[in-house]
Amino acid sequence: MPSITTLALASIPILLAAVVYQVGVPEAREIVNLLPPFLALRILENVFSEIHCYESVQTLSDELPSANCFSVANGKFTGVFAHTMGPMGKEMPDGHVIPGLWDGHGHLMQYGELLHSADLFGAESMDEVKQRLVDYKTSHPEAGTSAQWLRGVGWDQANFGGRWPLAPDLEIGENFKDQYVMLDRVDVHCVWVSNKVLDLLPSPLPDVPGGEIPARGVFCDNSIDIVAKYYPKPGKESRSKFLKDAMLNLNKLGIVGMHDAGVFPSELELYKELIQDEDWTLRVYAMLECETRNTFCPGDASKFHTADGKLHVQSVKLFADGALGSWGSAMLEPYSDKPESSGSLLVNATALTKLAIDWSAAGFQVNIHAIGDLANKLAIDAFIAAYDLLCPDATHQQCQTRHRFRIEHAQIIHPDQQKQMFEIGIIPSIQPTHATSDMPYAESRLGKTRTAEEAYRMRSLLPLRPILGSDFPVEPASILEGIYAAITRRSPRTGLDAGGGEEGWYPEETLTLKEALRGFTLNPAHGAFLEGKAGVIKQGAYADWVVLDEPLENLEVESLRTATVKETWVGGKRVYKRPEPEDSFNIWKVLPTP
Ligand SMILES: *[C@@H]1O[C@H](CO)[C@@H](O)[C@H](O)[C@H]1NC(C)=O
Ligand SMILES: [Zn+2]
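The text that follows walks through the structure, step by step, so that each part is easy to find. (Residues numbered from 1 in each chain as written. Chains lettered and ligands numbered in written order. Predicted model: local features only at pLDDT ≥ 70, side-chain atom pairs only at ≥ 80, totals over all residues. Heavy atoms only, no water.)

Topic: the pairing of strand β3 (residues 76-81)
β3 sits mainly inside the fold: five of its six residues count as buried. One ladder, built from five bridges, connects strand β2 (residues 66-73) with β3; its direction is antiparallel. Note that in β3 the partner of Val 72 across the bridge is Phe 77. Two successive antiparallel strands, β2 and β3, enclose a turn made up of two residues, where Asn 74 displays a positive phi of approximately 50°. (Buried < 20%, exposed > 50% of the residue type's maximum accessible area, 1.4 Å probe, protein only. Helix = DSSP H or I, 4+ residues; strand = E, 2+ residues; numbered from the N terminus. Pairing = 2+ DSSP bridges.)

What follows is the structure, given as structure tokens:
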């Protein structure tokens, strides 16, 4: 038996190696990897204590694609290990790990607000909408006053036999009369308001460019501003609650970060305040949106990064057009089911180009909402004008690599513009569940050819590293549902395609599971200048991960529609743990309370 002294002396170089390993010297990593695995891990664990082991770890890093353990210090991964703990190790925890998930396009405040509003998603008829509003009012008697309007979201006139709803439709029964009500359409591009709200508005109603009032009580796109001016904004306390509830709900879905696609400067102040809190558990890449849409307001907010990587501000959100559902997207050719219209731009080409130039010259990444093929064309034209000024000595492609301009939605793109995007490398930010939600009517709006050649492309856009997202609260925030939509092109709600079959809607545009996962991890990291830091398990990255019951690739495709995550970790801290099933043995329930 070697003496204690010999052992102690022998362990010094190992401990030193462990120390050097932690600070990231590559040679140290070699040394530790040469040791018997259980010993190496034991040493690291005892010195720095933060070692996590699982049945499997999918890292999405080329260095070590699959692993079993990783070490964490100061909120970052410090090492990833292929080996298991071995016989001396403590029991290996259950579970299969993937990198923390990111939603590449969502709306945090609106999502939180939705959690507190009447849920009208999927309401199949006007009667069902009314019933849900009455139920909501029963559980929220305080809502509906002039100071606190009753809010809801999710209606769709397609479920009202195709007729737009009207203000008087909201005069429902006795205890629902004279309420202040404002309900967002399913795509949040229109609001439907009650008579009480209409009474507040000027008469006659102003004509707003880029806006439409399709029925008495409904306001779309830029016309929403007519109503928004009178909306009593929730106070700071409510808004803080919206954000925190949104954050917790997202963590529950395995989401560790999100790109917030439009944050007003005043809201950004609240974000900054809340994010300082220890208990803030979501990374936010916020796109700045001026209080007045499509303007240049550099004085209202500056670029900003917190040291812990919880908040990043370096991009701006502009809006070229509206949405397809309300014929608001700006098209090169008229709609097939509304030949007198080709939608409308929210801003003209000159103004959009000027904005792209001004914002990018101020150092901001420019992210333009574009749905229709005209809007996508103008977005690309605006980017090109900006490259010419930003990088006079570089190609457009080189300039794009530096500035990473993005098209949010990139839904309907003419083949000529698809070609331009490929040549330049413009990043599309896509929502797979928009494709499956819009598929019932997309072809009638666009016709067969346009749908086949231009619309809701995913596989075709793969070389551009598409960022995937949900646009929550417009769609459910579940990334597993998003992955399902991407790999099947079928609705996560029904499991069916537009024709009610199981083949998928334009199945040639499906992604593989791996590609979809990259779309919710590596690609959003790239689109946010966070490659190597987010969406990956490797040394130096934020220690964010998700624990699943099975390796993702072992899950039945259909079960993605309902699967849940076991745990979510952000910055090395567990921020969500799925409750154990009720019937499982729980010692605390058995022991008498002291
Ligand atoms: C474009 O919009 C800007 C800002 O709204 C306006 O000042 C300008 O006259 C418009 N230009 C054209 C060509 O319509
Ligand atoms: Zn959005």
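On we go from here.
A look at the packing of aromatic side chains
Scanning the entire structure with this criterion turns up 18 aromatic pairs. Aromatic pair Trp 149 and Tyr 231: ring centres 5.3 Å apart, planes at 65°, arrangement edge-to-face. Linking Trp 149 in the loop between α5 (126-139) and β7 (150-155) with Tyr 231 in the loop between α7 (224-228) and α8 (236-252), this pair joins segments that are 82 residues apart in sequence. With a relative accessible area of 4%, Trp 149 lands in the buried category. Relative to Trp 192, the ring of Phe 160 lies with its centre 6.0 Å away and its plane at 65°, an arrangement referred to as edge-to-face. Residue Phe 160 is located in the loop between β7 and β8 (181-185), and its partner Trp 192 is located in strand β9 (residues 190-193); the two are separated by 32 residues in the primary sequence. As far as the burial class goes, Phe 160 and Trp 192 line up, both buried. The rings of Tyr 54, Phe 70, Phe 77, Trp 545 and Trp 569 are connected pair by pair, giving a single aromatic cluster. (Phe/Tyr/Trp six-rings, centres within 6.5 Å; stacked < 30°, edge-to-face > 60°.)

Details of the side chain of Glu 408
Checked against the element boundaries, Glu 408 lands in strand β17 (residues 406-409). A relative accessible area of 0% means that Glu 408 is categorised as buried. Here the side chain of Glu 408 touches Arg 406 through a polar contact of 2.8 Å, side chain to side chain. (Polar contact = N/O pair within 3.5 Å; in protein donor to acceptor, adjacent residues only side chain to side chain.)

Looking at unusual backbone geometry
Following Ser 203, the chain continues to Pro 204 via a peptide bond in cis, the omega torsion being -5°. By the element assignment, Pro 204 lies in the loop between α6 (195-200) and β10 (211-215). Note that the residue after Phe 472, namely Pro 473, is joined by a cis bond; omega there is 5°. The residue Pro 473 is located in the loop between β19 (467-468) and α16 (479-488) in this model. A positive phi angle, near 55°, is found at Asp 178, a position not held by glycine. Note that Asp 178 resides in the loop between β7 and β8. At Phe 529, a position not held by glycine, the phi torsion is positive, near 60°. The residue Phe 529 is located in the loop between α18 (522-526) and β20 (545-548) in this model. Using a relative accessible area of 25% as the deciding quantity, one classes Phe 529 as partly exposed.

Things to note about the pairing of β9
Judged by which residues are buried, β9 turns out to be covered on both faces: Cys 190 and Trp 192 on one side and Val 191 and Val 193 on the other are all buried. Counting the residues in the hairpin turn of β8 and β9 gives four residues, including Val 188, whose phi is positive at 50°.

Here we look at the coordination of the zinc ion (ligand 2)
Put simply, the ideal angle at a metal is 109.5 degrees for four donors in tetrahedral geometry and 90 or 180 degrees for six donors in octahedral geometry. Ligation of the zinc ion (ligand 2) by protein atoms is provided by His 105 (NE2), His 107 (NE2) and Asp 471 (OD), these donors lying 2.1 to 2.2 Å from the ion. Written as a sequence motif, the donor arrangement for the zinc ion (ligand 2) is H-x1-H-x363-D. Note that His 107 is positioned in the loop between β5 (101-106) and α4 (108-115) and Asp 471 in the loop between β19 and α16, a separation of 364 residues in sequence. For the pair His 107 and Asp 471, a shared accessibility class is recorded, and that class is buried. (Donors = N, O, S within 2.8 Å, 3.2 Å for Na, K, Ca; no water.)

Points about the nonpolar core
One broad trend across soluble globular proteins is that nonpolar side chains are buried collectively. Counting 100 residues, the largest nonpolar core has Phe 70, Leu 108, Tyr 271, Trp 359 and Trp 545 as its most contacted members. When residues in this core are grouped by element, the largest group, nine residues, is from helix α11 (residues 373-390). Per-domain counts for this core show at least three residues from each of domain 1 (4-96 + 572-577) and domain 3 (236-548). With residues near it in sequence (within four places) discarded, Phe 70 still touches Glu 50, Ile 51, His 52, Tyr 54, Val 57, Phe 77, Gly 79, Val 80, Phe 81, Val 97, Ile 537 and Trp 545. Counting 37 residues, the second-largest nonpolar core is a separate cluster that includes Ala 123, Val 129, Leu 150 and Leu 446. (Core = buried A, V, L, I, M, F, W, Y, C linked by side-chain atoms within 4.5 Å. Domains from an automatic or database assignment. Contact = heavy atoms within 4.5 Å.)

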